[in-house]
Amino acid sequence: MAKPLDNRAWFLVLPVVALVAFSALIPVMTVVNYSVQDSFGNNEFFWNGTGWFKELLDPSTDLGGRFFDALWRTLLFSAICLLIEVPLGIGVALTLPRRGWGVAASLVLLALPLLIPWNVVGTIWQVFARRDIGLLGAAVNGLGIEYNYAQTPLAAWVTVVAMDVWHWTSLVVLLCYAGLRAIPDAYYQAAKVDGASSWAVFRAIQLPKMQRVLTIAILLRFMDSFMIYTEPFVVTGGGPGNATTFLSIDLVKIALGQFDLGKAAAMSIVYNLIVLTVCWVFFATTTRSQSEAVQ
Amino acid sequence: MARIAFEHLAHLYPGSSAHALKPMDMVWEDAGAYALLGPSGCGKTTLLNIVSGLLRPSEGRVLFDGRDVTALPTERRNVAQVFQFPVVYDTMTVRENLAFPLRNRGVPAAAARARVEHVAGLLGLSAMLDRRARNLGADDKQKISLGRGLVRDDVAAILFDEPLTVIDPHLKWELRSRLKELHRQVPVTMIYVTHDQTEALTFADRVVVMSEGEVVQVGTPEALFDRPAHTFVGHFIGSPGMNLLPCAVEGDAAILPGGHRIGLPRAYPRLSGRLELGIRPEFAALARDGLPVTLRRIEDLGRRRIARVELEGMPFAATLPEGMAVPAEPRLALDPARLHVYADGRLAAGEG
Amino acid sequence: MSGATLAPAALAETRAPAESGALRAAVPRVVLVLYILFLLVPIYWLVNMSLKTNLEINSGMTLWPQNPTLEHYRRIFTDASWYSGYINSLTYVALNTVISLAVALPAAYAFSRYRFLGDKHLFFWLLSNRMAPPAVFALPFFQLYSAVGLFDTPWAVALAHCLFNIPLAVWILEGFMSGVPREIDEMAAIDGWSFPAFFIRHFLPLVAGGVGVAAFFCFMFSWVELLLARTLTTVNAKPIVATMTRTVSAAGMDWGLLSAAGVLTIIPGAIVIWFVRNHIARGFALGRV
């Protein structure tokens, strides 16, 4: 059933547009403005054209090299997080009972990490993984494995990834569970009648029915892991060295630490465009394949 | 293909005090077409789920060809089921859907392919074999569900759980007749659950009428119509249902309220309990002579006309014969051969 | 099907899968319990630390507090800069939730009921703000809110969080509203209800679940966010999460106090989840499943 065309609907949308425009457009314009200028402090600005962008996108310059390092690091981090969290999330969602008293209890416990302030997540893992006072750190070192996230990059990465898995897999679980719950019992009964194995049930029924929520889950997880700032900042501060300096951390260092507004602004724009492009491409391809399937 | 038997079968849902299915013994012959008919909550779906193995009965045994399958899970019973809402595997084509049960059982690809094409031919799905199943209409989806049962040549029975619920009315008739035709071509036990008497009577060789967890009559559609074993059957089957009048019985005569004496086709011994005289509206006609009644209204059903009348204050449905004008002083004529006597709801056996 | 002769063999076969079936049915439970343990152990460790004295923390590893103490909690509740942090956080979270819902409700209604010029582009533009890294906005927000005199007030943080929460709220509510049949609106129009009266008295109760879920998400993102909240406040509106980071740097390694503050920030979230526990599954499907 088609929705009626009525441009008066704009009046209903107006407050949202006004508020979001106030919060988004003015800052975006500020950022664009800075990105084409250079400053030496004292509020003195000079026209720099596309200079920052050229430097940023050229890996042979200092700024460009730093940017691409941080970009690859962030992409690798997002990829690892998605590769662990999505399968793990689907797996845990499949283990949740469909009904009974255990459901609400499990859901509450699962959702708990999602509502912990991000820096507290960092604090929890700091306290948990330190070799002197942390259970995890002490246990791993006790097993004879050298583990100190403040010193070795590998340990830092393991800690940050484990923290992200701990923090965000529940989101994938809850989304998948919501998708699974919407499957009518008849599908499972039909599969039983057809003699399907658990794997066949998963491939033929559960995975297709989760497609929509999985799209949302992957989008959200990509966006948030690609924009991650607070949690690794609290735990590792971007170190050791620059091992866990992701794009957001680097951006804040440049903007608020060094007050290099032009560089930071140019970097913001490129960063934002990457997120938008990836999301748009992913969104467009999945919705196209879905709508093709529907027609 | 199998003969299905129930021995002292009953089911009590945990936590419930009343039987969802009261104890019963029954046999369904191999390759029969059976319908389970009854209103919502009569236990017909419970019985169907016991046959398919989705539900394990709390008492009694289920036998397929004499073999006890009570403890067997669904996937080991070789039954197929068509559900109320069409179940197809969305991401697969029609062909893959039909081949799914065969693939799960490790049937070689070539054999599976031949089988799928044969079944698609039977169901009229050949032209759409390579289309995505999720884009089809509800009627085609139900055909696919049915096809997934038919592809297995070892299937013991095909169960239908109100399969026409979501089908457009004009397609219902087509699907129903195709089903009937299929049953002639493929001799497999089919069990069809419905609350719609038309579906049950047109599909089945034998109809199992259920009410409140109890099987009240098993019989051919004709038997259900001619000799309802229970007032429930009389009332539930036929539209309008059987007329039931309280009465007293003396030998081969019934005495109605108001003292009218009606001759019965057979004599009855002394009957105890609440007695009722039953006759279908088809065999009670308005006439010039007979019992005096008051006319309430005429319903024109197209092919026939039903007169709603009152007999001594009790509502009664009768036929208004074709071509007859609505009489000013209507009287009711009953076909004596079609009269039945019920004691406490159950058909009383007469003599001669 | 060769009948009765098969019966004993078939029965024996069924019993074996029944036992391995019970085993297989236990596997999901075990996996689930293990995963939940994985979630709870770090939280347990934080609680454990918060109940230990600093002496005990620094003198060696103990799996539970040997001399449990509430000293750290007492310090937090008696220090104004700590508990005012809580008040500040709850203030801007509440403000943000109210503002987001108030503007998102009519907009979601418009998106769910009408087509209008540029609707699809507008929707994607709104969502695209959810995709912007907060780090990008930190500095411009700082300047913007300083310029309009809202810097270091709860309003600044509440408005800044709107950028992320309004698109999300519109998205969630639109899903729930699309599930309400349009005949309801038409009936109300025929019965002569004005639009605002219909919307508040008839329509809102129908999407109450969606409003609850949207409020939950607004609460969630506003409560957990740190970067903007810290950037936009200095003293007066400093949120609890920022107070904590200050302690880390200033007081050095006061792990007990830090852990106690962390535990206290988990509690509001836990309470909110408890209230919405029966709607979580539907909420996470954004009302569309």
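These figures come from a predicted structure and were not determined experimentally.

### Side note on the sheet that holds strand E23 (residues 346-347) of chain B
All names here are of chain B. The strand order E11-E15-E22-E23 describes an open sheet built from 4 strands, whose pairing is antiparallel. Both outer strands of the open sheet, strand E11 (243-246) and E23, are each paired with one neighbouring strand and no more. Inspection of the sheet shows strand E22 (residues 340-343) paired to E23 by 2 bridges, in the antiparallel sense. Counted as the bridge partner of Ala 343 is Arg 346 from E23.

### Digging into the interface of chain A and chain C
Contact residues are listed per partner, giving 71 residues for chain A and 76 residues for chain C. Top element by residues in the side of chain A that touches chain C is helix H1 (residues 9-35) of chain A. It accounts for 14 residues. Within the side of chain A that touches chain C, the residues separate by chemical class into 56 nonpolar, 12 polar and 3 charged.

### Let's talk about the UniProt feature "domain: ABC transporter" (unreviewed entry) in chain B
Taken from the UniProt record, the annotation "domain: ABC transporter" (unreviewed entry) applies to residues 4-237 of chain B. With 36% helix and 24% strand, residues 4-237 of chain B has its two end C-alpha atoms placed 25 Å apart.

### Here's the deal with the sheet that holds strand E7 (residues 157-161) of chain B
Strand pairing in a sheet takes place through backbone hydrogen bonds and is either antiparallel or parallel in direction. Residue and element names in this part refer to chain B. Strands sit in the order E6-E7-E8-E3-E9-E10 across an open sheet of 6 strands; the sheet is mixed. Where the open sheet ends on each side, the last strands, each with one partner, are strand E6 (79-82) and strand E10 (214-219). Sheet twist, expressed as the mean angle between neighbouring strand axes with direction ignored, is 20°. Two elements, E6 and E7, share 4 bridges in a ladder whose sense is parallel. Looking at E7, one finds that Val 82 is bridged to Phe 160. Sitting on the sheet, helix H1 (residues 44-52) touches strand E3 (33-37), E6, E7, strand E8 (189-194) and strand E9 (206-211), and the angle it makes with E7 is about 150°.

### Notes on the nonpolar core
Core analysis: the largest hydrophobic core is formed by 160 residues, its most contacted members being A:Cys176, C:Ala104, C:Ala107, C:Ala169, C:Val170, C:Leu173 and C:Phe217. The element best represented in this core is helix H7 (residues 154-178) of chain C, accounting for 18 residues. If we ignore the near neighbours within four places in the chain, the residues touching C:Ala104 are A:Val16, C:Ile166, C:Ala169, C:Val170, C:Leu173 and C:Ala214. In this structure, B:Tyr34, B:Val69, B:Phe83 and B:Val233 belong to the second largest nonpolar core, which totals 81 residues.

Cut-off values and rules
Residues numbered from 1 in each chain as written. Chains lettered and ligands numbered in written order. Predicted model: local features only at pLDDT ≥ 70, side-chain atom pairs only at ≥ 80, totals over all residues. Pairing = 2+ DSSP bridges. Helix = DSSP H or I, 4+ residues; strand = E, 2+ residues; numbered from the N terminus. Contact = placed C-beta atoms within 7 Å. Nonpolar A, V, L, I, M, F, W, Y, C, P; charged D, E, K, R; others polar. UniProt positions renumbered as here; feature names shortened; annotations may be inferred. Axes fitted to C-alpha atoms, helices over the stretch in contact; angles between N-to-C directions. Core = buried A, V, L, I, M, F, W, Y, C linked by C-beta atoms within 7 Å. Buried ≥ 20, exposed ≤ 12 C-beta atoms within 10 Å, placed from the backbone.

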